[in-house]
Amino acid sequence: RFHMGIRTKSTISNTVLYVILVLMSIIWLTPFVCILLESFRTESTGRVGYIIPKQWGFDNYINLWTKTSFPIWFRNTLITALATAVLQTLMVLSVSYVLSRLRFKGRKLLMNTCLVLGMFLLYKVLSGMGLTGANSVPGLILVYCASSGMGYYVSKGFFDTIPKSLDEAARVDGASRFQVFYKVIMPLSK
């Protein structure tokens, strides 16, 4: 009988796993590489029988930035992404901390209501507030932040694993609730 050692089995399984991961990466990245190569093509951008361009240039990028509204679209996307990232992080962490550490009447109802409302924000509400069309950037920020209803469940679950005795010890030492959150809970959450 032939017996493989644990080290040999581990090496073989790791090799097979890495080969599979490399093949999957190639399959998933091929369309992106083709699109990138296509963007540098200066000859006809219609159907061609080759992937690598015969003539290279930045004409498509120059046209994108000078002959379209792409700079405005890019600015709007950047503003939306940055504002959403900051606001959503602050909202989710604050709500998670409060729902994890404080016990108050209606807490379960609030958690369920936030979850349902966060998942079902309607276009009609935004339209009534004038946050569609030309004013869509604030509307998008509102939708993205409001849809973080389930985000606080993840953070709250993690905060629940941090012992409350740490909060109590910090409070006994004179820390405010914000200081407990900022100086105790957040560093442990990293």
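Fair warning: this is a prediction, and the values are worked out from it, not measured in the lab. (Residues numbered from 1 in each chain as written. Predicted model: local features only at pLDDT ≥ 70, side-chain atom pairs only at ≥ 80, totals over all residues. Heavy atoms only, no water.)

1. Comments concerning helix α7 (residues 151–161)
So, point 1. Turning to α7, its buried residues are Tyr-152, Ser-155, Lys-156 and Phe-159. Take α7 and look down its axis: the buried residues cluster within an arc of 105 degrees, on one side only. Facing away from the buried side of α7 by more than 90 degrees, the exposed set consists of Val-154 and Thr-161. (Buried < 20%, exposed > 50% of the residue type's maximum accessible area, 1.4 Å probe, protein only. Helix = DSSP H or I, 4+ residues; strand = E, 2+ residues; numbered from the N terminus. Arc of directions from axis to C-beta.)

2. Things to note about the environment of Arg-107
So, point 1. Tracing the sequence through the fold places Arg-107 in helix α4 (residues 107–119).
So, point 2. By relative accessible area, which is 10% here, Arg-107 ends up buried.
So, point 3. Not counting residues within four places of it along the chain, the set of residues in contact with Arg-107 comprises Leu-99, Leu-102 and Lys-156. (Contact = heavy atoms within 4.5 Å.)

3. Observations concerning the pattern of salt bridges
Any two side chains of opposite charge can pair if their charged atoms end up close together.
So, point 1. Scanning all chains against the criterion turns up 4 salt bridges.
So, point 2. Close ionic contact of Arg-41 with Glu-38 constitutes a salt bridge, the shortest N to O distance being 3.1 Å.
So, point 3. Taking relative accessible area as the criterion, Arg-41 reaches 2% and is therefore assigned buried.
So, point 4. With a closest N to O distance of 3.1 Å, Glu-43 and Arg-41 form a salt bridge.
So, point 5. Among the charged side chains, a salt-bridge network with shared partners connects Glu-38, Arg-41 and Glu-43. (Salt bridge = Lys/Arg side-chain N within 4 Å of Asp/Glu carboxyl O.)

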